[in-house]
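Here's the letter readout for the chains.
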Amino acid sequence: MSLEQSVIFDERKDQIHRKGDAPFTMGCNRESLAGAVSQRACVFCGSRVVLYPIADAVHLVHGPIGCASYTWDIRGALSSGPALHRLSFSTDLQEKDVIFGGEEKLYKALVELIDRHAPAAAFVYSTCIVGIIGDDLNAVCARVSREKGIPVLPVQSEGFKGNKRSGYHAACKAMFQLMGKGSTEGISPLSVNLLGDFNLAGEIWIIREYFRQMGIETVANITGDGRVADIRRAHGAALNVVQCSGATMDLAKMMQETFGTPFLRVSYFGVEDMAESLYAVARFFLQRDPAIMDRTRALVREELAVLYPRLQEYRRALEGKKAAIYVGGAFKAFSLVKAFRLLGMQVVLAGSQTGTEEDYQELYEITDEGTIIVDDSNPLELSSFLKEKDVDIFVGGVKERPIAYKLGVGFCDHNHERKEPLEGFVGMLNFAKEVHSSVMSPVWRFVPRSIHRGKEPAFTESLFKAGAECRPN
Amino acid sequence: MLLRHTPKEIAERSALTVNPAKTCQPIGAMYAALGIHGCLPHSHGSQGCCAYHRSTLSRHYKEPVMAATSSFTEGSSVFGGQANLVQAIDNIFSVYNPEVIAIHTTCLSETIGDDIPQIAKKALADGKIPEGKHVIHVNTPSYVGSHVTGFAGMTKSMVDYFAVSTGTKCNQVNIIPGYVEPSDMEEIRRIVEMLGVQAVLFPDTSRVLNSPQTGRHEMFPKGGVTVEALKSTGDSMATIALGRLASGPAARALDTKCKVPCEILDLPIGLRKTDVFIDTLRRIAGVSVPESLNVERGQLLDIVTDMHHCFYGKTVGLVGDPDQLISLTEFLVSIDMRPIHVLTGTPGKEFENRIREITRDVPRSVNVRAGGDMFLFHQWVKNDPVDLMMGNTYLKYIARDEDIPFIRFGFPILDRVGHSYFPTVGYRGGMRLLEKILDTLLERQDRDAPEERFELVM
């Protein structure tokens with residue numbers, strides 16, 4: 001504990017809980033401590049990740065160059081057609097624009113973009129500086145929209161106006177302006193919108209296929225492989241299926257209020273949650289189509305028949321290994337805890353950047369005794385937890401990966417940089433494979449962390465031998 | 001074709017940047033600050049800035065990158081960031097305990113007008129800066145310059161805050177390596193040591209961002225120039241600055257502040273620029289060049305001799321940072337290649353003048369642009385295709401669409417490894433560049449050769 005005490009800010013003590021220590025309480029949903037090496041991002045980042053996969057819109061970042069540079073094609077949100085979203089557009093504000101205002105520049109940039117690309121819509125992202133110099137984004141967007149005859153949507157994503165979650169909200173508000181505008185003719189009574197899936201590595205295609213087999217039409221992908229025209233008619237769908245609650249839950253609520261579209265909260269990660277998500281949707285449509293449940297059961301049965309035997313192979317190797325999870329939204333952590341359990345592994349650390357009190361309560365309920373639950377953590381805390389719990393694999397994002405590797409711990413990117421689809425039944429298999437490939441890698445034999453923790457390793461022959469013995473993978 | 005939208009016809013654009021060839025000042029300042037031993041860079045702005053810089057540097061180096069942020073909120077942007085920064089300084093020293101906090105500003109804190117030295121003074125008065133610890137800063141509004149000028153600014157701040165002249169000269173030379181890879185800094189140090197010269201190299205990110213796997217995560221890795229060494233730069237005999245844009249300001253500041261004379265050179269990329277660096281060092285330090293270094297030079301020359309027919313007349317397109325491109329263009333011209341498109345995202349007319357002069361005798365029309373973007377570069381390439389392109393990872397879209405061989409060079413490189421371990425400066429670095437160029441060109445020749453012309457010996 002001495003190590004831990006030295007790395008934890010006093011102010012953060014109630015944002016860390018060890019299950020079994022005391023009655024569960026969690027400080028969360030608060031601003032990060034100034035000076036902490038927080039893993040969190042900003043409002044702009046939140047908006048950008050949600051809207052970015054809409055592939056036939058132009059996404060123009062109104063601000064200095066950095067905000068556009070850092071978000072240029074960094075998320076593998078695949079498109080089956082147009083790929084406008086993979087280009088980087090910026091007004092590259094200069095000092096004179098900051099002094100005299102950037103509205104004229106924004107106007108010209110938009111006109112040029114729309115003339116060249118004839119996009120279905122344009123999203124204009126506000127950045128910190130725009131919030132300070134007071135450019136009237138709404139007015140410029142309205143003017144261009146009028147002149148060019150396409151929706152031009154301001155996204156109020158000034159970086160300092162909250163955290164990533166506020167960015168999700170701003171993105172939802174921008175998207176909502178598109179809704180209710182398109183024709184809903186011909187939409188099946190058995191129809192859904194897929195919210196909160198960003199088609200990383202092609203995941204939304206897997207989910208759409210499941211629904212197709214169940215006899216359900218997918219109206220709009222929100223936003224993975226998304227199209228503006230689909231979003232404009234999304235209000236015609238019978239149900240919103242919402243994954244990754246943080247990102248698009250606000251949109252589901254707006255749609256419910258305005259169009260009366262009900263929503264279901266689902267997760268496509270792991271076998272249990274995937275199956276339950278399909279069953280929940282089937283139950284919703286049961287009255288309209290009594291045969292739907294049979295089709296769903298058949299689908300799940302078929303998938304599991306392929307999946308289980310192969311999962312068992314991985315489980316045999318991974319049984320008893322320990323995992324740590326630190327992700328953006330807590331919702332994903334629930335599914336991960338269950339998925340690891342299915343592999344016979346134990347989750348010893350579960351945390352998120354922006355979880356809510358209810359999220360952490362749920363995490364508390366599904367995790368084992370002794371599990372550390374943490375909100376808005378930082379590298380020093382995370383590495384001390386990883387060492388203390390002697391984990392075999394860490395699940396996180398880009399900033400966490402090198403920390404795990406430096407410690408000699410396996411890693412799985414469950415964020416923007418995932419290369420294989422992790423959703424769906426096939427995704428569970430990919431996940432098992434990825435976990436297996438990292439946990440069982442022979443490289444850890446050369447990283448004698450277990451016996452040399454806290455000591456300075458010297459690269460002598462004896463140390464290599466000792467290291468190999470101590471990690472008989 | 002991801003870039004199918006790029007039209008061949010070039011029209012001047014005044015408002016829109018498409019696919020940037022630069023990024024903003026703060027990330028350069030953060031990178032430079034990581035080259036001070038025991039330093040925690042601090043981003044005075046919103047959380048996102050810090051997260052983006054750390055992520056980008058992490059992707060480029062595949063290393064943990066530590067930096068703190070003032071975590072601006074709506075309140076701080078109305079009332080100023082003083083409270084956040086004072087609290088941050090307090091928190092950082094009490095938990096992370098660095099030797100130095102190196103603060104850089106952002107567009108947000110610049111525009112609301114936070115006065116960093118005044119805030120640091122308040123932190124000191126409030127007893128938030130422990131004895132013997134340091135807080136330094138640089139102003140890096142994102143709407144000025146580029147990542148390169150941010151690096152230059154933080155490097156100059158090291159001089160402004162630390163360099164002192166005690167009146168007694170010491171027998172050492174300051175070397176400012178410029179915005180180069182940790183491997184390049186290591187190589188420059190190796191060359192200096194081969195000459196037997198005592199030197200202070202700053203900043204120095206080697207062993208910080210190319211550190212070995214030890215089974216430990218070090219908040220402050222072993223590398224980096226120490227504060228002690230930075231202080232002593234004021235007593236050095238001379239300063240050699242490599243790269244006019246990235247290192248010039250710090251060298252001139254040392255001259256002004258401590259009367260340390262400086263030589264501002266181009267980056268030692270390629271034969272001639274390395275010659276100039278070594279000759280300058282030899283002259284200043286009064287040493288002679290060891291035979292071992294002559295051998296390296298001869299080996300580089302030997303590769304050029306052996307393979308000069310492969311370089312002859314090959315056209316090249318280059319995107320990158322000004323200091324790198326000036327030296328690289330010179331190197332390529334010197335081996336008979338023809339750089340015909342040379343573009344940097346960093347603004348500054350000087351760059352265009354230098355490249356024009358270097359390519360004066362290239363028997364082709366040459367496109368040069370400072371403050372350009374990848375979109376323009378792509379248009380140039382469409383109008384006048386090249387045999388080879390060199391630049392950062394983002395060039396891969398153009399390379400794929402136009403089917404042009406491509407070598408990763410510069411920042412950022414997000415899809416390959418090697419740059420943090422193997423240098424491109426010095427004679428050895430030159431050899432590595434030639435190896436890459438030859439591999440890439442000959443690989444293509446092999447791929448495209450008809451069966452009867454497919455050759456074993458090349």
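The model shown is predicted, which means the values in this text are computed figures rather than measured ones.

Caption draft 1: Focus on the sheet that holds strand S2 (residues 39-44) of chain B. Residue and element names in this part refer to chain B. What the 4 strands build is an open sheet, ordered S3-S2-S4-S5; its pairing is parallel. Each end of this open sheet is capped by a strand with a single partner; those strands are strand S3 (68-69) and strand S5 (134-138). With 2 bridges connecting them, S2 and S3 associate as parallel partners. Along S3, the bridge assignment pairs Ser-43 with Thr-69. Across the sheet, helix H6 (residues 116-125) is in contact with S2, strand S4 (100-105) and S5; its angle to S5 comes to roughly 170°.

Caption draft 2: Molecular detail of helix H8 (residues 164-176) of chain A. The end-to-end C-alpha distance of H8(A) is 18 Å, a good match for the 18 Å that 13 residues give at a rise of 1.5 Å each. One side-chain oxygen of the residue at the start of H8(A) lies 2.9 Å from the amide nitrogen of A:Arg165, identifying that residue as A:Asn163.

Caption draft 3: Here's a closer look at the side chain of B:Glu181. All names here are of chain B. Of note, Glu-181 is situated in the loop between strand S6 (173-176) and helix H8 (182-194). There is no salt bridge for the buried Glu-181, and the closest opposite charge comes from Arg-432, which lies 8.5 Å off by N-O distance. Only 2.8 Å separates the side chain of Glu-181 from the side chain of His-60, close enough to count as a polar contact. Among all residues touching Glu-181, those that are not within four sequence positions of it are Tyr-31, His-60, Tyr-61, Gly-410, His-419 and Ser-420.

Caption draft 4: Highlighting the pattern of salt bridges. All names here are of chain B. Inspection of the entire model under this criterion finds 51 salt bridges over all chains. Note that Asp-266 is salt-bridged to Arg-354, the shortest N-O span being 2.7 Å. Taken together, the positions of Asp-266 in the loop between strand S9 (262-265) and helix H11 (271-285) and Arg-354 in helix H14 (residues 349-358) put the pair 88 residues apart, joining distant regions of the chain. For Asp-266, a relative accessible area of 9% puts it in the buried group. Taking relative accessible area as the criterion, Arg-354 reaches 13% and is therefore assigned buried. Here Arg-408 makes a salt bridge to Asp-415, at a shortest N to O gap of 2.8 Å. Judged by relative accessible area, which is 16%, Arg-408 ranks as buried. Since its relative accessible area comes to 22%, Asp-415 is described here as partly exposed.

Caption draft 5: Structural view of the environment of A:Glu362. By secondary structure assignment, the location of A:Glu362 is in helix H15 (residues 357-366). For A:Glu362 and A:Phe334, which are 28 residues apart along the polypeptide, the C-alpha to C-alpha distance reads 7.7 Å.

The rules behind the values
Note on numbering: residues in each chain are counted from 1, in written sequence order. Naming scheme: in the order in which they are written, chains are lettered from A and ligands are numbered from 1. Per-residue local features are limited, in this predicted model, to residues with pLDDT of at least 70; the limit for side-chain atom pairs, both in listing and counting, is 80 or more; totals at the level of whole chains, interfaces and linings are taken over all residues. With hydrogens and water stripped out, all remaining heavy atoms of the structure feed into the side-chain values. Strand pairing is assigned whenever DSSP detects at least two bridges linking the two strands. Starting at the N terminus, helices and strands are each numbered in turn, a helix being any DSSP run of H or I of at least four residues and a strand any DSSP run of E of at least two. Residue contacts follow a heavy-atom distance rule, with two residues in contact if any of their heavy atoms lie within 4.5 Å. Orientation is described by axes fitted as lines to C-alpha atoms, over the contacting stretch for helices, and by angles from 0 to 180 degrees between their N-to-C directions. Take the residue count of a helix, subtract one, and multiply by 1.5 Å to get its expected span. Any pair of nitrogen or oxygen atoms within 3.5 Å is treated as a polar contact; in protein, a donor-acceptor pairing is required on top of that, and neighbouring residues in sequence qualify only through side-chain atoms on both sides. The buried label goes to any residue with under 20% of its type's maximum accessible area, the exposed label to any with over 50%, and the partly exposed label to all in between, with areas taken from a 1.4 Å probe on protein chains only. Counting rule for charge: Lys and Arg are taken as positive, Asp and Glu as negative, and neither His nor the chain ends is counted. Each salt bridge in this description consists of a side-chain nitrogen of Lys or Arg and a carboxyl oxygen of Asp or Glu lying within 4 Å of one another.

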